[in-house]
Amino acid sequence: NKQILLKSRPVGEPKESDFALTETPISQPGEGEVLSRTIYLSLDPYMRGLISAGESYAANVELNSVIVGGTVSQVIQSNHPQFQAGDFVLSGNGWQTYAVAKGETLRKLDPSQAPLSYSLGVLGMPGLTAYAALLDIGQPKAGETVVISAASGAVGAVAGQIAKIKGCRVIGIVGSDDKRDYIVKELGFDVGINRKTQELDAVLKAAAPDGIDIYFDNTAGVILETVLQQINLGARIPLVGLISEYNAISLPHGPNLRPLLIKRALIKGFLVSDYQHRTNEFVSDVAGWLKSGQLKYKEDVVVGLENAPCAFIGLLRGENFGKLVVKVSED
Ligand code: NDP
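Residues numbered from 1 in each chain as written. Predicted model: local features only at pLDDT ≥ 70, side-chain atom pairs only at ≥ 80, totals over all residues. Heavy atoms only, no water.

Attention now moves to the sheet that holds strand β10 (residues 191-194). With respect to topology, 5 strands assemble into an open sheet ordered β10-β9-β8-β11-β12, the strand pairing being parallel. Strands with a single pairing partner mark the edges of an open sheet, and in this sheet they are β10 and β12 (231-236). Pairwise comparison of adjacent strand axes, ignoring direction, gives a mean angle of 25° for this sheet. Of the pairings in the sheet, the one linking strand β8 (residues 145-149) to strand β9 (residues 169-174) comprises 5 bridges and is parallel in character. (Pairing = 2+ DSSP bridges. Helix = DSSP H or I, 4+ residues; strand = E, 2+ residues; numbered from the N terminus. Axes fitted to C-alpha atoms, helices over the stretch in contact; angles between N-to-C directions.)

Structure, rendered in structure tokens:
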């Protein structure tokens, strides 16, 4: 059994010496287990997080162990009633040529439905990522403008085409002219932008003159920073990937959205003017809580209109204590 082990945790960009090829005897399957031969191994950006020491959204790979990864495999020997030798399965053999797994962790594949390798991509984890993040978080509506980063990749290419199917105008950001031609000419994106040769801010403004309704973020970093300046009222931003940071040794200064992705947190902009319809309910609840003593209120009263400027300057310095009001005349 050929295996690739993690020899050292990469610092910055991974090096070949961080990995080592070894050979071990093939294990035999126990009760309820299945031995399979790896046909296709999926390589995905999340693996960069797994081989580093920091927190990731999946468990880390130990040093000197086989690197994990999704695979399409063929059953060699089965001690599980649902699988027989010859079956094709979706499994997690990782970076090795054979693996033993519990039958419950495998999913049978039908080779007549689609090429087997598709279940690692468009019909697998990346495809589901594109589909669910775009439709459930992005909520595309016909006529809206959608921007997608890493747009020619496993996730981005599917997300962009689903957005087209939903009637959106789709702008893809990629890293080469070949990729740009591909997303526009082959996949039907409306606009492609080469992030390495074009000035993103200006090109995006020209391509999306009415602003951006959905940003499908695969990268974070400067692309996110730039796109945020051009979003529309009520825009939706599925935070899906942070690939611009995966090799970073230290992160750039400023807010970093990684915890939002990992914790599936929701940030939503708020303006009180959108909530006027809640006024009656609000006044009745809060007046009731004031009366019952469940809610306390403190005012900082400054007497005399002439003191307003000074009090206002103080407000911005934190000199007020409680709600600042000016008593202008007797009530
Ligand atoms: P891709 O097939 O898109 O391959 C990665 C691409 O990212 C590269 O080809 C490159 O495209 C782009 N890229 C690399 N470095 C940078 C950088 N510094 N700045 C901008 N772009 C860069 O990978 P996937 O489609 O599999 O994954 C896309 C993203 O989705 C990743 O961030 C991944 O982690 C994330 N993901 C998240 C999941 C989740 O559950 N949250 C699940 C699956 C994927 P180019 O040359 O065009 O710039």
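Okay, back to it.
In the neighbourhood of the ligand, 21 residues make up the surrounding shell, with V155, K179, R195, N218 and Y246 lying closest. Within the contact set of the ligand, an oxygen atom lies 2.8 Å away from a side-chain nitrogen or oxygen of R195. A distance of 2.8 Å separates an oxygen atom of the ligand from a polar backbone atom of N218. Contact with the protein chains removes 77% of the 920 Å² of surface that the ligand exposes when unbound. Those elements giving two or more residues to the shell around the ligand turn out to be α2 (125-138) and α3 (154-165). Classifying every residue of the shell around the ligand by side-chain character gives 12 nonpolar, 7 polar and 2 charged. (Near = heavy atom within 4 Å. Polar contact = N/O pair within 3.5 Å; in protein donor to acceptor, adjacent residues only side chain to side chain. Areas by Shrake-Rupley, 256 points an atom, 1.4 Å probe, with all protein chains shown as cover. Nonpolar A, V, L, I, M, F, W, Y, C, P; charged D, E, K, R; others polar.)

Attention shifts here to the sheet that holds strand β6 (residues 98-102). Read from one edge to the other, the open sheet built from 5 strands follows the order β6-β3-β4-β5-β7, with strand pairing classed as antiparallel. Strand pairing shows two members of the sheet lacking a second neighbour, β6 and β7 (107-108), which therefore form its edges. For strand β3 (residues 33-41) and strand β4 (residues 71-78), the ladder comprises 7 bridges, and the chain directions are antiparallel. Bridge pairing in β4 places T38 opposite S73.

A few words on the layout of surface pockets. In this approach, a probe sized like a water molecule rolls over the atoms, and the result shows the empty space that is left. As a volume, the second largest pocket reaches approximately 370 Å³. Taken together, 16 residues make up the lining of the second largest pocket; nearest its centre are G221, L224, E225, P255 and N256. At 5 residues, helix α6 (residues 221-228) tops the list of elements feeding residues into the lining of the second largest pocket. Here the residues of the lining of the second largest pocket are counted per class, giving 8 nonpolar, 5 polar and 3 charged. (1 Å grid on protein atoms, 1.4 Å probe; cavity = no way out; pocket = protein on both sides within 12 Å on 5 of 7 lines; lining within 4 Å. Points joined across faces, edges and corners; volume = space filled by probe spheres on them.)

Inspection of the entire model under this criterion finds 2 aromatic pairs. Taking the centre distance of 4.7 Å and the plane angle of 20° together, the rings of F270 and Y275 count as stacked. (Phe/Tyr/Trp six-rings, centres within 6.5 Å; stacked < 30°, edge-to-face > 60°.)

Moving on, we get to the packing of α2 against α3. α3 packs onto α2 with a crossing angle of 45° between their chain directions and a minimal axis gap of 8 Å. Judged by the angle between their axes, α2 and α3 are oblique. Taken as a pair, α2 and α3 cross one another with a handedness that is right-handed. Here α2 contributes P126, G127, T129, A130, Y131, L134 and L135 to the contact with α3, which in turn contributes A154, V155, V158, A159, I162 and A163. Broken down by class, the residue content of the contact of α2 with α3 amounts to 11 nonpolar, 2 polar and no charged. (Parallel < 35°, antiparallel > 145°, perpendicular 65-115°, else oblique. Left-handed = near helix turned anticlockwise from the far one by under 90°. Contact = heavy atoms within 4.5 Å.)

These values are about where atoms sit, not about what they do.
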